[in-house]
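Structural features, examined
Residues per chain, in single letters:
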Amino acid sequence: VHDLQSGAHQSFATRSAALKALGDVEDFPVTEFDRLTAGERYRLKMRTFLDIDALPLPLRPKAYMSRSWDLESEVVEWRLQP
């Protein structure tokens with residue numbers, strides 16, 4: 001698992017373990033609070049998916065051939081109020 005924001009890498013023994021770790025979103029930077037207007041309401045929507053083309057070359061054929069690699073979440077919404 002590669003964090004595009006921080007550049008951090010994590011390796012897992014199984015795909016299930018990697019997916020479980022990806023399901024835990026913690027300390028995800030959205031914006032700087034000083035850019036938000038006090039008293040305004042904001043909505044944050046997020047959807048995640050597996051970019052098969054970003055996988056290492058040896059994994060891509062298997063990912064393209066198997067529906068179990070076709071991974072995409074539902075849209076999740078949070079309300080923010082600074």
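Criteria and thresholds
Residues numbered from 1 in each chain as written. Predicted model: local features only at pLDDT ≥ 70, side-chain atom pairs only at ≥ 80, totals over all residues. Heavy atoms only, no water. Helix = DSSP H or I, 4+ residues; strand = E, 2+ residues; numbered from the N terminus. Rg over C-alpha atoms; globule rule 2.2 N^0.38 Å. Buried < 20%, exposed > 50% of the residue type's maximum accessible area, 1.4 Å probe, protein only. Contact = heavy atoms within 4.5 Å. Areas by Shrake-Rupley, 256 points an atom, 1.4 Å probe, with all protein chains shown as cover. Lys, Arg positive; Asp, Glu negative; His and termini not counted. Charge placed at Lys NZ, Arg CZ, Asp CG, Glu CD. Salt bridge = Lys/Arg side-chain N within 4 Å of Asp/Glu carboxyl O. pLDDT = per-residue confidence, 0-100.

Quick notes on the overall build of the protein
What the protein contains, in helices and strands, is two helices and two strands. Along its sequence from the N terminus, the protein presents helices and strands in the succession α-β-α-β. For 82 residues, the compact-globule estimate of 2.2 N^0.38 gives 12 Å, and the protein exceeds it by more than 25% at 16 Å. With the principal axes as the frame, the protein shows a C-alpha extent of 50 × 25 × 20 Å. Residues counted as buried form 9% of the 82 residues belonging to the protein. In the protein, once contacts between residues fewer than 6 apart in sequence are set aside, the share between residues at least 24 apart is 57%. When the accessible surface of the protein is split by element, carbon and sulfur atoms take 52% of a total near 7,500 Å². Looking at the protein, you have 11 positive and 13 negative side-chain charges, and the mean spots of the two groups are 6 Å apart.

Things to note about the pattern of salt bridges
Tallying each qualifying case throughout the model produces three salt bridges. Close ionic contact of Glu77 with Arg43 constitutes a salt bridge, the shortest N to O distance being 3.8 Å. Of this pair, Glu77 sits in strand E2 (residues 76-80) while Arg43 is found in strand E1 (residues 42-46), placing the two residues 34 residues apart along the sequence. For Arg43, a relative accessible area of 56% corresponds to the exposed category.

Quick notes on the environment of Phe49
Structurally, the position occupied by Phe49 is in the loop between E1 and helix H2 (60-65). Sequence-wise, Phe49 and Glu74 are 25 residues apart; in three dimensions their C-alpha atoms are separated by 9.4 Å.

Here we look at the confidence of the model for the protein
On average, residues of the protein score 85 in pLDDT, and 100% of them are at 70 or above. The secondary-structure element of the protein with the lowest mean pLDDT is helix H1 (residues 15-22), recorded at 82, while H2 shows the highest, at 92.

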